[in-house]
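One letter stands for each residue in the lines below.
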Amino acid sequence: MGSELRVPFDRTRNHPAALTTSKFGISKMELLKACVSREWLLMKRNSFVYIFKIVQLIILGTIAMTVFLRTEMHRNSVEDGVIYMGAMFLGLVTHLFNAFAELAMSIAKLPIFYKQRDLLFYPSWAYGLPTWLLKIPISFLECAVWICMTYYVIGFDPNIERFFRHYLLLVLISQMASGLFRVLAALGRDMVVADTFGSFAQLVLLVLGGFLIARDNIKAWWIWGYWCSPLMYAQNAIAVNEFLGHSWRVVDPTDSNDTLGVQVLKSRGIFVDPNWYWIGVGALLGYIMLFNVLFIVFLDLLDPLGKGQNVVSEEELMEKHVNRTGENVELLLLGNDSENSPSNEITGADTRERGMALPFTPLSITFDNIRYSVDMPQEMKDKGITEDRLVLLKGVSGAFRPGVLTALMGVSGAGKTTLMDVLAGRKTGGYIEGDINISGYPKNQETFARIAGYCEQNDIHSPHVTVYESLVYSAWLRLSPDVDSEARQMFVEQVMELVELTSLRGALVGLPGVNGLSTEQRKRLTIAVELVANPSIIFMDEPTSGLDARAAAIVMRAVRNTVDTGRTVVCTIHQPSIDIFEAFDELFLMKRGGEEIYVGPLGHNSCHLIDYFEGIQGVKKIKDGYNPATWMLEVTTLAQEDALGLNFAEVYMNSDLYRRNKALISELSTPPPGSTDLYFSKQYAQSFFTQCVACLWKQHKSYWRNPSYTATRIFFTTVIALIFGTIFLNLGQKVGKRQDLFNSLGSMYAAVIFIGIQNGQCVQPIVDVERTVFYREKAAGMYSALPYAFAQVFIEIPHVFLQTIIYGLIVYSLIGLDWAFMKFFWYMFFMFFTFLYFTFYGMMAVAMTPNSDIAAIVATAFYAVWNIFAGFLVPRSRIPIWWRWYSWACPVAWTLYGLVASQYGDIADVRLEDGEQVNAFIHRFFGFRHDYVGFMAVGVVGFTVLFAFVFAFSIKVLNFQRR
């Protein structure tokens, strides 16, 4: 029996009326059609990416054709051929890099794919084939744009057959690169991992492609990499196609009987057999098939990477134990039973003292006739609305008092968060009218930020610090300098106990929905971060949104504890449960359009609220056991107003409640006898120096606990150093041939471009996350923009210095460069500042753009331009005069000048194969002079300082957070 049951049932033997007889719901052809249709729809919806790539190609093509302009391109010597090689290499590399976007797009779609694959929507091949096939026309279009712009303008061989051969190779390299990056996405499954894989793949493709180092100079243990590099086949094919053409059949009898084209090919170690064109085409087609088949195989075999787990607190473990064992444990809101109703006055001395190691002054806030408007949106003007301004708050008035928990409620669009932002001074635009007073004195925003806290709906915190460190950091920057560290420490401990975070003190905050704290724990941390500032007034924007009943109860218990210390607390809240609603003392209810319709006490079981609305003629009575919050929102809708023929705002304005509130506002707007206005001698609690130290302390903690950034960068650098060192082993002292110098320059160029760009790309998501935190912390009055920028810049220096030491020692010793002190010093100096300015450039791009995605696109465009003007593809002396200015504006050109001139610019006692001195060739061909090394050093330091300064300036001036 057991052996029979172990054999799976053959579904083909099912009865025809059975639910399913096949693995998938439709035939293979229908599956393929459905997947093609979906992929086409996604491409149309994501058309911006493809349009941007073509625009980027047009810009780069314009630069390429004006740099390599045919009137400046000659065919007189082998050196001229090298410039043409540079132009062809640029075309190949441009299409290789252009396909890099495929990596991010493929990874973004993987979670949906895994879910649908496991639910048997379709097989992996049905998903993978359309992804490949629909990209083929895109490759043809992109390559057509490039070749039509550049081929004849640069002056490649005019034969039309060779034109189309060149075009075919570009299409194949584009398709090969797309396939490669799709494979890496399916293999890596995570952006950081796949990005690192992608960078390694590009590195091996380029360095062993036969251009940076000639085939004859590649060591025996790396020659397999040469034969495996798809770029090698493309490089050989495109060079053979050009240099065996009619334009290069000039014979130079002084050297040999070879044509000039063959001499160029031989000088660069490229095969001279014309069959190599078709060998290259065949190899690229093979790689395209291989990569796309591997893509489908990896999609089929691999599962998504494991997801990070949330931190579980002791109380959650206890609850899970209760659920498992069936024990009955009741979770009560503090002060939410009949004996301790929140509507009653809290007089217990023990609750009053709780969390009050530091004294604070209880303050009330009153606002009278507040109007808030913004410029009328263009869409509404187009519909015929003539007003210049859209009014969001229409003269609302109210008072919030110490020790009273007020709920700010209303339907979506009523203006709850708008009113809170206006009162807290968080609005970045619009027009505010009306009076706001703090305990009788007019509100001053700079002063107000010191005595108020604002808990945002999105719980924004630095992900790589612990709960305890987050609170210490906030207290350090926001408490008065008069508070010593011991008192500050004690206060932080009391606040942690108050909001029940003591059991989580050592937990990392993490990223929302990814790892670290759960949503409810993050809410309590948000409250605690504001509480450690010892504020008198706290605003909370929807503290229970997104939480289940248990989590919301825990958060509201923390809120209630905060109110019981005698602080003024106001919460916006959306559709609360009965228990949560009963925890509030007073209600400020708004209707759509920004008008108040009830401002007053709730009473026991919301009796005052219910009596008020049931007293209005026509309003239906509340059913027994029904949620008063839900009933209240239902009976005050615009539809109900139309049905009853009244305006709830007008009803409130004519009520006794309104008159009592006006009297209360008038009373609280008068300063108490003997009181003084709030005054602080400076805007921020701590000095500029203390702000810098605190920000640097947090950045250090964040970087130390972020190995996916710091450790990956060091690992990447070490592996690249070993790869470069073994590829270019002992080539540093070989200077007897021109090709030896080109090899050395190739090693420096590749290192600068690869590690530099990797630094610039990796830092961008880090800065983007921290900038979001910066917006919150700056608005809370913790520090000004400059200390944050200083810390972000300064923390990179030791990490980049370690990176430079590791890279420099490995590469310098393996390549065998001259160990003279000054040469070694200049090498390390230029490498350090180059890695640093690339990192600062990545940070600057983020600071000047709304998010890291746009920053990456902008930065990549400039990397491509820097690549052209670096001085390797085309030497500065051969750049047309109208573009030569940009070679001085390109930081990579300064780096290469400094590296090459410091290593080889002073070698006068060694001659090349034609008798020319090494330093003379360096000066004639590249335009590098040894006595200008000092100026180059000043230049790279200047670029580093410039990018850091622009980053700091952009952080200070630009604010992409709109409220």
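Residues numbered from 1 in each chain as written. Predicted model: local features only at pLDDT ≥ 70, side-chain atom pairs only at ≥ 80, totals over all residues. Heavy atoms only, no water.

As recorded by an unreviewed UniProt entry, the protein carries the name ABC transporter domain-containing protein and is attributed to Aegilops tauschii subsp. strangulata. Looking at the Subcellular location (unreviewed entry) heading of the UniProt record, one finds this comment for the protein: "Membrane". Heading Sequence similarities (unreviewed entry) of the UniProt record for the protein holds this comment: "Belongs to the ABC transporter superfamily. ABCG family. PDR (TC 3.A.1.205) subfamily." (UniProt positions renumbered as here; feature names shortened; annotations may be inferred.)

1. Structural notes on the packing of aromatic side chains
Summed over all chains, the structure comprises 86 aromatic pairs. Taking the centre distance of 5.9 Å and the plane angle of 40° together, the rings of Trp-227 and Phe-271 count as tilted. Taken together, the residues span a long stretch of sequence, with Trp-227 in helix 10 (residues 223-228) and Phe-271 in the loop between helix 12 (260-267) and helix 13 (276-301) at a distance of 44 residues. Centre to centre, the rings of Tyr-812 and Tyr-827 are 5.1 Å apart; their planes meet at 65°, and the pair counts as edge-to-face. Of this pair, Tyr-812 sits in helix 32 (residues 785-815) while Tyr-827 sits in helix 33 (residues 821-847), placing them 15 residues apart in sequence. (Phe/Tyr/Trp six-rings, centres within 6.5 Å; stacked < 30°, edge-to-face > 60°. Helix = DSSP H or I, 4+ residues; strand = E, 2+ residues; numbered from the N terminus.)

2. A look at helix 9 (residues 191-207)
Between its first and last C-alpha, helix 9 extends 24 Å over 17 residues, near the 24 Å set by a 1.5 Å rise per residue. Those residues of helix 9 that sit buried are Ala-194, Asp-195, Thr-196, Gly-198, Ser-199, Phe-200, Ala-201, Gln-202, Leu-203, Leu-205, Leu-206 and Val-207. The elements touched by buried residues of helix 9 are helix 4 (78-98), helix 5 (101-118), helix 8 (160-188), helix 11 (230-243), helix 30 (710-727) and helix 31 (738-779). (Expected span 1.5 Å × (residues − 1). Buried < 20%, exposed > 50% of the residue type's maximum accessible area, 1.4 Å probe, protein only. Contact = heavy atoms within 4.5 Å.)

3. Points about the domain arrangement of the protein
Taken as a whole, the protein is organised into domain 1 (66-301), domain 2 (365-451 + 535-669), domain 3 (462-534) and domain 4 (688-957). For domain 2 and domain 3, the distance between their C-alpha centres works out to 28 Å. Taken together, the contact between domain 2 and domain 3 spans 20 residues of the former and 13 residues of the latter. Together, the buried faces of domain 2 and domain 3 total about 1300 Å²; carbon and sulfur atoms form 62% of this surface. Put simply, domain 2 and domain 3 have one salt bridge between them. Here Arg-557 and Glu-500 are joined by a salt bridge, their closest N and O atoms 2.7 Å apart. (Domains from an automatic or database assignment. Buried area = accessible area lost by both parts, 1.4 Å probe. Salt bridge = Lys/Arg side-chain N within 4 Å of Asp/Glu carboxyl O.)

4. Points about the sheet that holds strand 7 (residues 537-541)
Spatial strand order, 6-7-8-3-9-10: six strands in an open sheet with mixed pairing. Each of the sheet's edge strands pairs with one partner strand only, and the pair in question is strand 6 (452-455) and strand 10 (595-601). Neighbour to neighbour, the strand axes of the sheet diverge by 15° on average, direction disregarded. The pairing of strand 3 (residues 405-410) with strand 9 (residues 586-591) spans five bridges and is parallel. If you follow Gly-410 over to strand 9, its bridge partner there is Met-590. (Pairing = 2+ DSSP bridges. Axes fitted to C-alpha atoms, helices over the stretch in contact; angles between N-to-C directions.)

5. A word on the packing of helix 31 against helix 34 (residues 852-869)
Viewed as axis vectors pointing N to C, helix 31 and helix 34 meet at an angle of 165°, and their least axial separation amounts to 10 Å. With respect to each other, helix 31 and helix 34 are oriented roughly antiparallel. The interaxial crossing formed by helix 31 with helix 34 has right-handed handedness. Residues Tyr-749, Ile-753, Ile-757, Gly-760, Gln-761, Gln-764, Pro-765 and Asp-768 of helix 31 touch helix 34, and the partners they reach there are Ser-852, Ala-855, Ala-856, Ala-859, Tyr-863 and Asn-867. Taken together, the residues of the contact of helix 31 with helix 34 sort by class into eight nonpolar, five polar and one charged. (Parallel < 35°, antiparallel > 145°, perpendicular 65-115°, else oblique. Left-handed = near helix turned anticlockwise from the far one by under 90°. Nonpolar A, V, L, I, M, F, W, Y, C, P; charged D, E, K, R; others polar.)

6. With respect to the nonpolar core
A general tendency of soluble globular proteins is for nonpolar side chains to be buried together. Core analysis: the largest hydrophobic core is formed by 205 residues, its most contacted members being Phe-724, Tyr-807, Phe-869, Tyr-904 and Phe-951. Sequence-distant contacts of Phe-724, defined by excluding residues within four places in its chain, comprise Leu-203, Val-207, Ser-747, Ala-750, Ala-751, Tyr-807, Val-811 and Ile-815. Core analysis: the next-biggest nonpolar cluster, separate from the first, contains 95 residues, Phe-367, Met-420, Phe-588 and Met-632 among them. (Core = buried A, V, L, I, M, F, W, Y, C linked by side-chain atoms within 4.5 Å.)

7. Details of the sheet that holds strand 2 (residues 389-400)
Pairing is antiparallel in the open sheet, where four strands are placed in the order 2-1-4-5. Each of the sheet's edge strands pairs with one partner strand only, and the pair in question is strand 2 and strand 5 (441-442). The pairing of strand 1 (residues 365-375) with strand 2 spans nine bridges and is classified as antiparallel. Among the inter-strand pairings, Tyr-372 is bridged to a residue of strand 2, identified as Leu-393. The strands touched by helix 28 (residues 656-668) are strand 1 and strand 2; relative to strand 2, the strand with the most contacts, the crossing angle is about 75°.

8. Structural notes on a nonpolar patch on the surface
On the surface, a nonpolar cluster with roughly 570 Å² of combined accessible area is contributed by Met-848, Phe-949, Phe-953, Val-957, Leu-958 and Phe-960. With respect to the helices and strands, the residue Leu-958 is situated in the segment after helix 38 (933-957). A relative accessible area of 32% places Leu-958 in the partly exposed class. (Patch = residues over 30% accessible without salt bridge, like charges linked within 9 Å, V, L, I, M, F, W, Y side chains within 5 Å. Areas by Shrake-Rupley, 256 points an atom, 1.4 Å probe, with all protein chains shown as cover.)

9. Re the packing of helix 31 against helix 33
It is the contact of helix 31 with helix 33, at a shortest axis distance of 7 Å, that shows an interaxial angle of 40°. The orientation of helix 31 relative to helix 33 falls into the category oblique. Considering how the two elements wind past one another, helix 31 and helix 33 form a crossing that is right-handed. Of the residues in helix 33, those in contact with Ala-751, Val-752, Ile-755, Gly-756, Ile-757, Asn-759, Gly-760, Val-763, Gln-764, Val-767, Asp-768 and Arg-771 of helix 31 are Met-831, Thr-834, Phe-835, Phe-838, Thr-839, Gly-842, Met-843, Ala-845, Val-846 and Ala-847. Looking at side-chain class alone, the contact of helix 31 with helix 33 contains 13 nonpolar, seven polar and two charged residues.

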